[in-house]
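# Examining the three-dimensional arrangement
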Amino acid sequence: MPFVSRVVTALLAVSALTTAAVGLAPAERAVAAPTATASGSRYTPLDTARVFDGTVGTTPVVVPITGRVGVPANATAVVVNVETEAPTAAGYVRITPAGTDARVALQEFPAGRTISNLATVKLASGGVQVKVSAGSARILLDVSGYYAAGSGSTFTPLPTVRVASPTVGTTPVPVQFAGKGGVPADATAVVVNVETNAPTADGYTRLTPLGRDASVATQEFSAGRTVSNLAIVRLVDGSAQVRLSQGTATVFMDVAGYYSASSTGSVFVPLDTTRIETATLGDTPRTVRATGTGGVPGTATAVVANVEVQGTSADGYLRVTPAGQDASVAAQVFRAREEVSAAVITKVTGSTAARAFQAKVSRGTAVDYVDVSGYFLDGTSASGTGVDVSWPQCGSSFPTDAAFAVVGVNGGLANTTNPCLSSQLGWAAQSSGGTSQPTVQLYVNTANPGRQASVWPTSNTLPNGGGTVPNPYGTCTGGYDAACSYVYGWTRAVEDATIRGVTDPTAYRWWLDVETEGTWQTDRSQNRADLEGMAAALTSRGAQVGLYSTTFQWTSIVGTVPTSSPLYRLPSWIATGAPTLAAAQQACSGTSLTGGSRIEMTQYVVGGFDRNASCV
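First things first, this report covers the structure right here in the doc. Just so it is clear, the model here is predicted, and its values are computed rather than measured.

Of all 6 residues in strand E33 (residues 609-614), 6 are buried, a share of seventy percent or more. Of the two faces of E33, the one lined by Phe609, Arg611 and Ala613 and the one lined by Asp610, Asn612 and Ser614 are each fully buried. In this structure, strand E26 (residues 385-389) lies alongside E33, joined through 4 bridges in antiparallel fashion. Of the residues in E33, the one forming a bridge with Gly386 is Asn612. The pairing of strand E32 (residues 599-606) with E33 spans 6 bridges and is antiparallel. In the strand pairing of E33, Met601 is matched with Ser614. Counted between consecutive antiparallel strands, the loop separating E32 from E33 contains 2 residues, among which Gly607 sits at a positive phi close to 60 degrees.

Most often, soluble globular proteins have nonpolar side chains that are buried together. Of all hydrophobic cores here, the largest spans 58 residues; its most connected members are Trp510, Leu512 and Trp554. If you tally residues by element for this core, the top one is helix H3 (residues 482-498), at 10 residues. Residues contacting Trp554, with those up to four places away along its chain left out, are Val514, Leu531, Leu547, Ser549, Gly559, Val561, Leu567, Leu593 and Thr594. Core analysis: the second largest hydrophobic core is formed by 29 residues, Leu318, Ala342, Val348 and Ala366 among them.

This next bit is on the sheet that holds strand E13 (residues 203-209). Spatially, the 4 strands line up as an open sheet ordered E11-E16-E13-E14, and their pairing is antiparallel. The sheet terminates laterally at strand E11 (173-176) and strand E14 (219-221), the two strands that pair on one side only. Taken pair by pair, the neighbouring strands of this sheet meet at an average axis angle of 25 degrees, ignoring direction.

Turning to the environment of Gln219, a few remarks are in order. As for its position among the elements, Gln219 is in strand E14. Filtering out sequence-adjacent residues up to four positions away, Gln219 remains in contact with Ser116, Val194, Glu195, Thr196, Gly203, Tyr204, Thr205, Val227, Ser228 and Asn229. Reaching out from Gln219, the side chain makes a polar contact with the side chain of Thr196 at a distance of 2.3 Å.

Now for helix H4 (residues 524-539). Since there are 3.6 residues in each turn of an α-helix, residues three or four apart along the chain are aligned in direction. Over its 16 residues, H4 extends 22 Å from the first C-alpha to the last, a length consistent with the 22 Å expected when each residue adds 1.5 Å. Burial within H4 is extensive, with 13 of its 16 residues counted as buried.

Moving on, we get to the state of the cysteines. Across all of its chains, the model carries 2 disulfides by this definition. A sulfur-sulfur distance of 2.0 Å marks the disulfide that ties Cys394 to Cys420. Sign of the S-S torsion, about 135 degrees for the bond between Cys394 and Cys420, identifies this disulfide as right-handed. Within this pair, whereas Cys394 is found in the loop between E26 and strand E27 (404-408), its partner Cys420 is found in the loop between E27 and helix H2 (421-428), the two being separated by 26 residues in sequence. A relative accessible area of 18% means that Cys394 is categorised as buried. Linked covalently through their sulfurs, Cys476 and Cys484 form a disulfide whose S-S length is 2.0 Å. Sign of the S-S torsion, about 100 degrees for the bond between Cys476 and Cys484, identifies this disulfide as right-handed. When sorted by exposure, Cys476 lands in the same class as Cys484, which is buried.

Conventions used here
Residues numbered from 1 in each chain as written. Predicted model: local features only at pLDDT ≥ 70, side-chain atom pairs only at ≥ 80, totals over all residues. Heavy atoms only, no water. Buried < 20%, exposed > 50% of the residue type's maximum accessible area, 1.4 Å probe, protein only. Helix = DSSP H or I, 4+ residues; strand = E, 2+ residues; numbered from the N terminus. Pairing = 2+ DSSP bridges. Core = buried A, V, L, I, M, F, W, Y, C linked by side-chain atoms within 4.5 Å. Contact = heavy atoms within 4.5 Å. Axes fitted to C-alpha atoms, helices over the stretch in contact; angles between N-to-C directions. Polar contact = N/O pair within 3.5 Å; in protein donor to acceptor, adjacent residues only side chain to side chain. Expected span 1.5 Å × (residues − 1). Disulfide = S-S within 2.5 Å.

What follows is the structure, encoded as structure tokens:
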């Protein structure tokens, strides 16, 4: 498969979709194997420490993080409590990777009201940036942990469960987590939703490691007003402590997961914040699909997200839980016509094609916005990304961190053979697995050369006793039409499955590589018939089939695929040309090649190799 930088060339080649023979130009020769690109990060909890205290307005302020308060240079993301004090105007606070300004509100506030909320933020150039949407406010950033490759704790999501509800005043109250709600004795930190119910005075709640009383407000409250939000707290001897700055209140604590040294836990992959849903919530749980949208793969065990509700029609609370579970936990408490946001880390359940969580409000209705900033991945699944290779990589050193691999059957043209197919299949078989993708897959070059073909079919009968093609377009009589295009495609697929060196065609998923650098007829309906013939020939042998292209090239070559076509529901593998995994993951929620298709993989380029992100 050619490197996707050729998409630029394709933009110049739209007028070249004629029957002129166009071969595949040699791809860039692969070089040394790149390092893992999505191995995931482990969590290291810290004693909460302040990294920023200053006035912020509508212009982003960049805050350096790495190299401070115990956060190392290789950290990929940071967990930070964001406190907004005395805002001069109603608005919201936004915290994002340095240099990016995603449309996500960490927390809304009215003028003059102090708020706090937790955020897990991807680091860019070692920092984050913060701004408010209107006016100005004093912003306090307190780091409680970081994610980095290598050492640290993995995460185990849990069904949300209440573990404590003490009456709390200004004296710290110990809260034991180990041994409760599924939290083991060796847990290093817990993810806990903290609700401060009916406080008797204005103040704030402080949740810290046992014996530590850092100057950090987990949440701010006013007398009589219940508040709720997420916290991640380091454990000391299996416990933390909680206290109020003034008055008393009942504090409910609901655990959603824990961190530990377990090798079977999940690792974290940060994302550029991406919106995955805007919908209306009621008091019946709504399923929110997390996988295959916003770059979250089907192997995700949990997601990190910010959930904002607007237009609340009644006083109530927001509840976010794993799909199928409606635990007694409030992610955020709100009043009628109020806008609030809540950080959530929630387990996702269901099939790898549609893992989900659920959301509801306790009363009335509200519009919710769900913005994902990362996900947790099975820690045993190696990189979680795939690599595709073919004839240009003959003799190269291949990556050793592939979770799955796709090998090209052809030598650059649809009627040739990859001379290194056998050895590349041997390398692909060593892929670690752990994703929902088949460990070894194949792709084939496609074309419909018409008059430029060295051999063009003249009947529905295959050469060399290959049988008769069941042709939905009628009888091929040698014309350059849909009937003969179908037979041409069928013939190429039969050759790919029988004479190229593939011993068991049914053992693989076959991707049809559709690019403008092939040789195509000007009639797109004939090109579609050609691909239908290829797909039908492979499926008739028991193989699975998918479609690889860019939306531009697919539209140029094939056009719109009708619902009656056997191509309509085949999965899509989208080439992005992007140099980053984050961009490839975001493309998972892009436009598929046909109206009935689902994007199952996206391709990006790094270290001289085509790599692939799984979208399911």
